[in-house]
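Next come the chains, spelled out residue by residue.
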Amino acid sequence: MRTTLSVIKADIGGVAGHLMPSPQLVDCVQTHVRRHGGGLLTDAYVGATGDDIAILGTHPRGVGDARVHQLAWDAFVAGTALAKEQGLYGAGQDLLKDAFSGNVKGLGPAVAELEFEERPNEPFLLFMADKTDPGAYNLPLYLTFADPMHNAGLLLSPKMSHGFRFVILDVAHTDGDRVIELNAPEDLYDIAALLRDNQRFVVEAIYSRTDGEQAAAVSTTRLHNIAGKYTGKDDPVLLVRTQGGFPATGEVVAPYAIGHYVAGFMRGSHVGPLMPVKKNGTTSYFDGPPVVSCLGFCVHAGKLTDPADAFDHPFWDYVREHVAQKAIEIRRQGFSGAAMLGKDELEYTGIVEKLRALDARFVVRDERLATAAGS
Ligand code: F6R
Ligand code: MG
Ligand code: MG
């Protein structure tokens, strides 16, 4: 049976700033999906990470289906009405356009979708990240799908010995999708050369080179490319199929033990370590740190199991402590150097305006006059 997984996520309002949606808001989105998704979705799961709400739907309709996208858009519009009623902060923040036009891509919400012929048992992982951007998944995906130091299956499993094909998107190119396809392991250095630059080149999809099946799909939306200015970080979602010819669940989650530094954090303008959090995890310290949750499911005939909370384990408590230390370390240097993002990535215009005003006050010193005055 062919099944499509569609995950569509948006920030439509938060309690006390950008920390979390209200429980009533999550309920409202879930109720809308239940009430209007009959006959369209086979199954659905609605959950939150940080201030974002994600709708995961299963259906047989393929990727980019207008009715599935409309259902999610309408659920977020209904949620926005409640968010306004409750006086939540940033109500409707990610709904950047006034009307739905066939596909939520480009309208604000983040979308990742996978379509496949179901295996007899079909495990997959849903990652939801907040206070960061799609490039946050570059390193973990590289380590999982291309590095035998992190994925033992690349050496041990004959089903993975042909490696994986990476589809990488140039997110700076706003006039259509500019993509490149590269194969691991042959193109390893080229893949690394691109994925090094998390703000420019982003993994969009990964395919098995053994059977051509898609293994991963990332939401690649850049909100500032849609709105023409920064309106928040893009808070990406990721779907990964696991086991068999794909990496094991443990090989996919392993790289998150690094707590690697990503763009985002306070005002979408800083660098902070990515902390793996439990289901419905929130943000706090410095509006962060950037967080990622991971829910594991099996899907059978389109029906989802209850989620397994992959980062709810004593091992990850230890990692969270380590990541908290990394967050405090980088925050000790405030605005200086690597702690704050470069000028082009700042979410707010304050610094750019300041620099413009200061620019007019700079003078080029006349060295001869200075020397004459001194002698
Ligand atoms: C980051 C984020 C928050 C806000 C911050 C200030 O993506 O959403 O860190 O940038 O809380 O919010 P405003 O400018 O809305 O007061
Ligand atoms: Mg927000
Ligand atoms: Mg968010």
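That block above? That's the structure.
All of the points below concern the structure found in this document. (Residues numbered from 1 in each chain as written. Chains lettered and ligands numbered in written order. Predicted model: local features only at pLDDT ≥ 70, side-chain atom pairs only at ≥ 80, totals over all residues. Heavy atoms only, no water.)

1. Concerning the overall build of the protein
Convention followed: Secondary structure elements are defined from DSSP: runs of H or I of at least 4 residues count as helices, runs of E of at least 2 residues count as strands, and each element is numbered from the N terminus. Burial here depends on accessible area, computed with a 1.4 Å probe over protein chains only, as a share of the maximum for the residue type. Under 20% is buried, over 50% is exposed, and the range in between is partly exposed. Residues count as neighbours in contact if any of their non-hydrogen atoms are within 4.5 Å of one another. Method for areas: the Shrake-Rupley scheme with a 1.4 Å probe, in which residue coverage is limited to the protein chains shown. By the counting rule applied here, Lys and Arg register as positive and Asp and Glu as negative, while His and the ends of each chain are not counted. By convention, the point assigned to a charge is CZ for Arg, NZ for Lys, CD for Glu and CG for Asp.
Of the regular secondary structure elements, the protein holds 10 helices and 16 strands. C-alpha extents for the protein along the principal axes are approximately 90 × 55 × 45 Å. Counting every position in the protein, which comprises 375 residues, the buried fraction comes to 54%. The contacts of the protein with a sequence gap of at least 6 include a subset with a gap of at least 24, amounting to 70%. As displayed, the protein has an accessible area near 17,000 Å², and 54% of this comes from carbon and sulfur atoms. In the protein, which carries 35 positive and 46 negative side-chain charges, the distance between the mean positions of the two groups comes to 4 Å.

2. Side note on the nonpolar core
The condition is simple: Definition used in this section: a nonpolar core is a set of buried Ala, Val, Leu, Ile, Met, Phe, Trp, Tyr and Cys residues joined via side-chain atoms within 4.5 Å.
Ranked by size, the top nonpolar core spans 44 residues in total, and within it Phe127, Tyr137, Phe145, Phe164, Phe166, Leu238 and Tyr256 carry the most contacts. It is helix H3 (residues 138-146) that contributes the most residues to this core, five residues altogether. One finds Cys28, Leu71, Ala72 and Ala83 within the second-largest nonpolar core, a separate group that totals 28 residues.

3. Focus: the coordination of the magnesium ion (ligand 2)
Each angle at a metal carrying four tetrahedral donors should ideally be 109.5 degrees, and each at a metal carrying six octahedral donors should ideally be 90 or 180 degrees. Under the convention used in this document: Because water is not among the atoms used, a metal site may look incomplete, as its donors are only the N, O and S atoms within 2.8 Å, or 3.2 Å for Na, K and Ca.
Looking at the magnesium ion (ligand 2), the protein donor atoms are Asp11 (OD), His18 (ND1) and Asp51 (OD), and they sit 2.0 to 2.5 Å from it. Along the chain, the residues that donate to the magnesium ion (ligand 2) are spaced as D-x6-H-x32-D. Separating the magnesium ion (ligand 2) from the magnesium ion (ligand 3) is a gap of 3.8 Å, bridged by aspartate 51, which donates to each. One end of the pair, histidine 18, is in the loop between strand S1 (2-10) and helix H1 (23-37); the other, aspartate 51, is in the loop between strand S2 (43-49) and strand S3 (52-59), and 33 residues separate them in sequence.

4. As for the packing of H3 against helix H5 (residues 188-195)
Here is the rule: Angles here are taken between N-to-C directions and fall from 0 to 180 degrees, while the axes themselves are lines fitted to C-alpha atoms, restricted in helices to the stretch in contact. Any angle from 65 to 115 degrees is called roughly perpendicular, while one under 35 is roughly parallel, one over 145 is roughly antiparallel, and all others are oblique. The sense of a crossing depends on the near helix, which, turned anticlockwise from the far helix by less than a right angle, makes the crossing left-handed and, turned clockwise, makes it right-handed. Each residue receives one of three labels: charged for Asp, Glu, Lys and Arg, nonpolar for Ala, Val, Leu, Ile, Met, Phe, Trp, Tyr, Cys and Pro, and polar for the others, Gly being one of them.
Close contact between H3 and H5 brings their axes to 10 Å; oriented N to C, the two are set at 165 degrees. Comparing the axis directions of H3 and H5 gives the class roughly antiparallel. Considering how the two elements wind past one another, H3 and H5 form a crossing that is left-handed. Side by side, H3 and H5 meet where Asn138, Tyr142 and Ala146 of the first sit next to Leu188, Ile191, Ala192 and Leu195 of the second. Taken together, the residues that form the contact of H3 with H5 break down as six nonpolar, one polar and no charged.

5. Looking at the site of ligand 1
Basically, it comes down to this: Nearness is judged by heavy atoms alone; a residue qualifies as near a molecule or strand once a single heavy atom is within 4 Å of it. For this analysis, a polar contact is any N or O atom pair within 3.5 Å, provided that within protein one partner can donate a hydrogen and the other can accept it, and provided that sequence-adjacent residues contribute only side-chain to side-chain pairs.
Lining the immediate surroundings of ligand 1 are 11 residues, of which His18, Tyr89, Arg267, Asp287 and Tyr348 lie closest. One of the side-chain nitrogen or oxygen atoms of histidine 18 is found 3.2 Å away from an oxygen atom of ligand 1. When the free accessible area of ligand 1 is taken as 410 Å², the share hidden by the protein chains comes to 79%. Tallied by class, residues from the shell around ligand 1 come to four nonpolar, two polar and five charged.

6. Section: the sheet that holds strand S4 (residues 110-117)
The criterion, for reference: Strand pairing is assigned whenever DSSP detects at least two bridges linking the two strands.
If you walk across this open sheet you meet the four strands as S2-S3-S1-S4, and the pairing is antiparallel. In the strand order of this sheet, the two ends are held by S2 and S4, each with one partner. Taking the axes of each pair of neighbouring strands and ignoring which way they run, one obtains an average angle of 15 degrees across the sheet. Taken together, the seven bridges between S2 and S3 define a ladder with antiparallel strand orientation. In the strand pairing of S3, threonine 49 is matched with aspartate 52. Relative to S2, H1 is tilted by about 165 degrees, and along the sheet it contacts S2 and S3. Seen against the sheet, helix H2 (residues 66-86) touches S1, S3 and S4 and runs at an angle of roughly 25 degrees to S1.

7. Looking at the coordination of the magnesium ion (ligand 3)
Donor atoms from the polypeptide that bind the magnesium ion (ligand 3) are Asp51 (OD), Asp52 (OD), Asp52 (OD), Asp130 (OD) and Asp235 (OD), placed at 2.0 to 2.8 Å. One chain supplies every donor for the magnesium ion (ligand 3), spaced along it as D-D-x77-D-x104-D. Relative accessible area serves as the criterion here: at 2%, aspartate 51 is assigned to the buried category. By relative accessible area, aspartate 52 is classed as buried at 2%.

8. Considering the packing of aromatic side chains
For clarity, the cut-off: Pairing of aromatic rings covers Phe, Tyr and the six-membered ring of Trp, with a centre-to-centre limit of 6.5 Å; geometry is then stacked below 30 degrees between planes, edge-to-face above 60, and tilted otherwise.
Applying the stated criterion across every chain yields a total of 12 aromatic pairs. Where tyrosine 256 meets phenylalanine 311, the ring centres are 5.9 Å apart and the plane angle is 55 degrees; that geometry is what we call tilted. Of the two residues, tyrosine 256 is situated in the loop between helix H7 (249-253) and strand S11 (261-264) and phenylalanine 311 in the loop between strand S16 (308-309) and helix H8 (314-331); the sequence distance between them amounts to 55 residues. Residue classification places phenylalanine 311 among the buried residues on the basis of a relative accessible area of 0%.

By themselves these figures say nothing about function.
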